[in-house]
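Observations on the model geometry
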Amino acid sequence: MSWGSELWDQFDNLEKHTQWGIEYLEKYTKFVKERSEIEFNYAKQIRNLSKKYQPKKNSREEEESKYSFCRAFLATLNELNDYAGQHEVIAENLMSQIITELARYTQELKTERKSHFHDGRKAQQHIESSWKQLESCKRKFERECKEAERANQHFERMDADINVTKADVEKARQQAQMRQQMATDSKNDYSSYLQKFNQEQNEHYFTIIPNIFQKLQDMEEKRIEKLGVCMKTFAEVNRQVLPIVGKCLDGMTKAAGSIEPKTDSKQVVESYKSGFEPPGDVEFEDYGQAMKRTASETSLSNSKEGKEKSASKSKGKLWPFIKNKNKPPPAPPASSLPSPSAVPNDPQSPKQHKEPLSNRLNDFMASKPKMHCLRSLRRGVKDFSHLPPEQRRKKLQGKLDDLNKDIQKEMDQRDALTKMKDVYIKNPQMGDPASVDPRLTEIGQNIEKLQLEAQKFEVTRRTRHALTAYSLCMCWPLSSPDGSYTEEQNSETQVKATVNPASTTPDFDDEFDDEDSLPTIGTCKALYPFEGHNEGTIAMAEGEVLYVIEEDKGDGWTRVRRNQDEEGYVPTSYVEVFLETNAKGAMTYI
């Protein structure tokens, strides 16, 4: 149905209706805008929630990453962050595809509506003006007719009156004729304008107004259609993110399914295992033997026994479940470990009382000047001495791995810059070779610093392991009687003890001197010069050929020998190794 034919007389109502339609469009635009703001705020809150529970950048983060449930929760937080991103996508699409588009369309709609109603008012004013002019012609014709009728009646009265002169009668007749002529002219004007008005009125109500109303109808239908399209887009914007939202939820489900309780339980063992053996049985101390002592026993022996008993009592207090998280459990009692003669590569020795650890460490430090004491190592290297042996070994090895990775990165950069410099030398137009030198110098210094630090960690690792292994073999705990970890004290203060020259127990050096007889497993050629300032390392010149006695075990160092008495470690990346086919490498400490 057409507005022009059905609503030709409802101009004012159509004006109100179209205005209401535009206001409704603005109302829907405001609704979508508020929905977009809700999505933005929701996404922001979800992101803040995900960020709030992200692991902090500290040592605890490394511990949490070991467990599957922590990794699963982290994956859930990451998926939740992506989930928030999809709500941001909804808000952005609502803004770009609906709000911005509707704002532009509303302005166009207002302009179009204003134009149509302007044309309608103009046509309405014209027809009203024509109607007024027609009414004026009609009233003039009516007035002229009345005047002609009165003039004709006056003429008839004058003509019938015998007392009126002929001149007066003629004058009345002429007046009546004139009025009659004027009435005839008014009639013709009225008839002509009436015909014109009817034509204009017909055009107004059947052509002009219907066309204007049809445009208004088309405009209104387009507005409604646009509103429907926007509502559909509103739903599609939400529907488009559902697959990705589903993937986020699938990722959360997958993360939850990746939790492995058994693996996490094993990780607890790996994280907190100290490497010590559980305490053995406590030996029976027969105090009744003191009653049977003879008078020949000297006070010196009695005092010595008293000291030994007090020491044994203090050792008996060392248990694994001490109330200090940073103190490792004690070493196993003497009864639970093999005697020194049972240790591999240890020369035979007669059965005798164990020599104090201070004497053995004193001999060890005196006979092996290349092995640093623990305090000197701690000056430049964090040796993780507060950790038990197993955890300390992992920390030192991890630090070595990180340093070796950094060294490799710096070497890769150096190689790349060296190639670039060669290209510049061959093709000067591509660049200045001297411009690369500062960076090469900086990288060389970085490599030297990293290698120096790696050497310190390597010496620390090997020294720590050697002292820990020796302490376990000699059945002497690296813990104080109150459960505190005093490895540093054992390695320094006890070294000050006097050496027992009468002892026939093999020296600690004997266990490590056997390493000098390690077999040769190949050769290596020095690719770069190495100064070897640190203890445990050996200097070499570029192109020098050395014997390999222990290959790289993943720490970035190779053990080599120049002659029978001169050996040490060199960086693996500095040499080209040629191993023998059937050679067996030497055993490492770790």
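Going by the annotation in an unreviewed UniProt entry, the name recorded for the chain is Formin binding protein 1, with Takifugu rubripes given as the source organism. Per UniProt, the comment on the chain under Sequence similarities (unreviewed entry) is "Belongs to the FNBP1 family."

The subject of this paragraph is the packing of aromatic side chains. Evaluated as defined, the whole model comprises 12 aromatic pairs. Consider the rings of Phe31 and Phe234, whose centres lie 5.6 Å apart with planes at 40°: the pair is tilted. Here Phe31, found in helix α2 (residues 11-52), pairs with Phe234, found in helix α5 (residues 166-240); they are 203 residues apart in sequence, far enough to count as distant. Look at Phe31 and you get partly exposed, because its relative accessible area is 42%. Pairing Trp131 with Phe197 gives two aromatic rings, centres 5.2 Å apart and planes at 50°, and the pair type is tilted.

Now for the side chain of Asn93. Examined against the element boundaries, Asn93 turns out to sit in helix α4 (residues 68-160). Taking relative accessible area as the criterion, Asn93 reaches 17% and is therefore assigned buried. The residues touching Asn93, leaving out its near neighbours within four places in the chain, are Ile98, Val237 and Gln240.

Now for the sheet that holds strand β5 (residues 575-579). Read across the open sheet, the five strands follow the order β4-β3-β2-β1-β5; overall the sheet is antiparallel. Of all strands in the sheet, those with a lone pairing partner are β4 (567-571) and β5, marking the two edges. On average, each strand axis in the sheet is inclined to that of its neighbour by 40°, with strand direction left out of account.

With respect to the secondary-structure elements, Gln240 resides in helix α5. Taking C-alpha positions, Gln240 is 9.4 Å from Gln86, a pair spaced 154 residues apart along the chain.

This paragraph deals with the confidence of the model for the chain. For the chain, the average pLDDT comes to 76, and 71% of its residues sit at 70 or higher. Predicted confidence for residues 293-380 stays below pLDDT 50, and this span has 143 contacts to residues more than four positions away or in other chains. Throughout residues 585-590 the model reports pLDDT below 50, and contacts reaching past four residues in sequence, or to other chains, amount to 15 contacts.

A separate point is the pairing of strand β3 (residues 557-561). Most of β3 is tucked away, with five of its five residues classed as buried. What you see with β3 is no split at all: Trp557, Arg559 and Arg561 on one side and Thr558 and Val560 on the other are buried throughout. As paired elements, strand β2 (residues 545-550) and β3 share three bridges and run antiparallel to each other. Within the sheet, the bridge partner assigned to Tyr547 lies in β3 and is Arg561. Taking the residues that link successive antiparallel strands as the turn, the β2-β3 hairpin has six residues, and the phi of Gly554 there is positive, at about 105°. Note that β3 and β4 share five bridges and pair antiparallel. Residue pairing across strands places Thr558 opposite Val570, the latter belonging to β4. The antiparallel pairing of β3 with β4 creates a hairpin that spans five residues between the two strands.

The full count for this structure, using the stated rule, is 19 salt bridges. Note that Arg562 and Glu544 form a salt bridge whose closest N and O atoms lie 2.7 Å from each other. Here Glu544 lies in the loop between β1 (522-526) and β2 and Arg562 lies in the loop between β3 and β4, a separation of 18 residues in the sequence. Glu544 gets classed as partly exposed once you look at its relative accessible area, which sits at 21%. A single network of salt bridges, built from pairs that share partners, joins Glu101, Arg104, Glu108 and Lys226.

Attention shifts here to the pairing of β1. Across the two faces of β1 the burial differs, with Gly522, Cys524 and Ala526 buried and Thr523 and Lys525 not buried at all. In this sheet, β2 lies alongside β1 in antiparallel orientation, the contact comprising four bridges. Residue pairing across strands places Cys524 opposite Leu546, the latter belonging to β2.

So, on to the packing of α2 against α4. Where α2 contacts α4, the two axes come as close as 8 Å, and the packing angle between them is 165°. If you check the angle between α2 and α4, you find them roughly antiparallel. The hand of the α2/α4 crossing is left-handed. When its residues are assigned to classes, the contact of α2 with α4 shows 25 nonpolar, 10 polar and 11 charged.

So, how was this worked out
Each chain has its residues counted from 1, running along the sequence as written. Restriction of local features to residues with pLDDT of at least 70 applies here, the model being predicted, together with a cutoff of 80 or more for giving and counting side-chain atom pairs; totals for whole chains, interfaces and linings are based on all residues. Water and hydrogen atoms play no part in the side-chain values, which are based on all heavy atoms of the structure. UniProt positions are given in the numbering used here, feature names are shortened, and annotations may be inferred rather than shown by experiment. The rule is short: rings of Phe, Tyr and Trp, with Trp giving its six-membered ring, pair when the centres are within 6.5 Å, and they are stacked under 30 degrees, edge-to-face over 60, tilted in between. A run of DSSP states H or I qualifies as a helix once it reaches four residues; a run of E qualifies as a strand once it reaches two. Both are numbered from the N-terminal end. For every residue, the accessible area (1.4 Å probe, protein chains only) is compared with the maximum for its type, and the residue is labelled buried under 20%, exposed over 50%, or partly exposed between those bounds. In what follows, a contact means two residues having at least one pair of non-hydrogen atoms within 4.5 Å. In this scheme, strands are said to pair when DSSP sees at least two bridges between them. Between N-to-C directions, angles span 0 to 180 degrees; the directions come from axes that are lines fitted to C-alpha atoms, helices contributing only their stretch in contact. As a per-residue measure, pLDDT reflects the predictor's confidence and takes values from 0 up to 100. Any Lys or Arg side-chain nitrogen located within 4 Å of an Asp or Glu carboxyl oxygen qualifies as a salt bridge. Here roughly perpendicular refers to angles of 65 to 115 degrees, roughly parallel to angles under 35, roughly antiparallel to angles over 145, and oblique to all remaining angles. Handedness of a helix crossing follows the sense of rotation of the near helix relative to the far helix, less than a right angle counterclockwise being left-handed and clockwise being right-handed. Residues are grouped as follows: nonpolar covers Ala, Val, Leu, Ile, Met, Phe, Trp, Tyr, Cys and Pro; charged covers Asp, Glu, Lys and Arg; every other residue, Gly included, is treated as polar.

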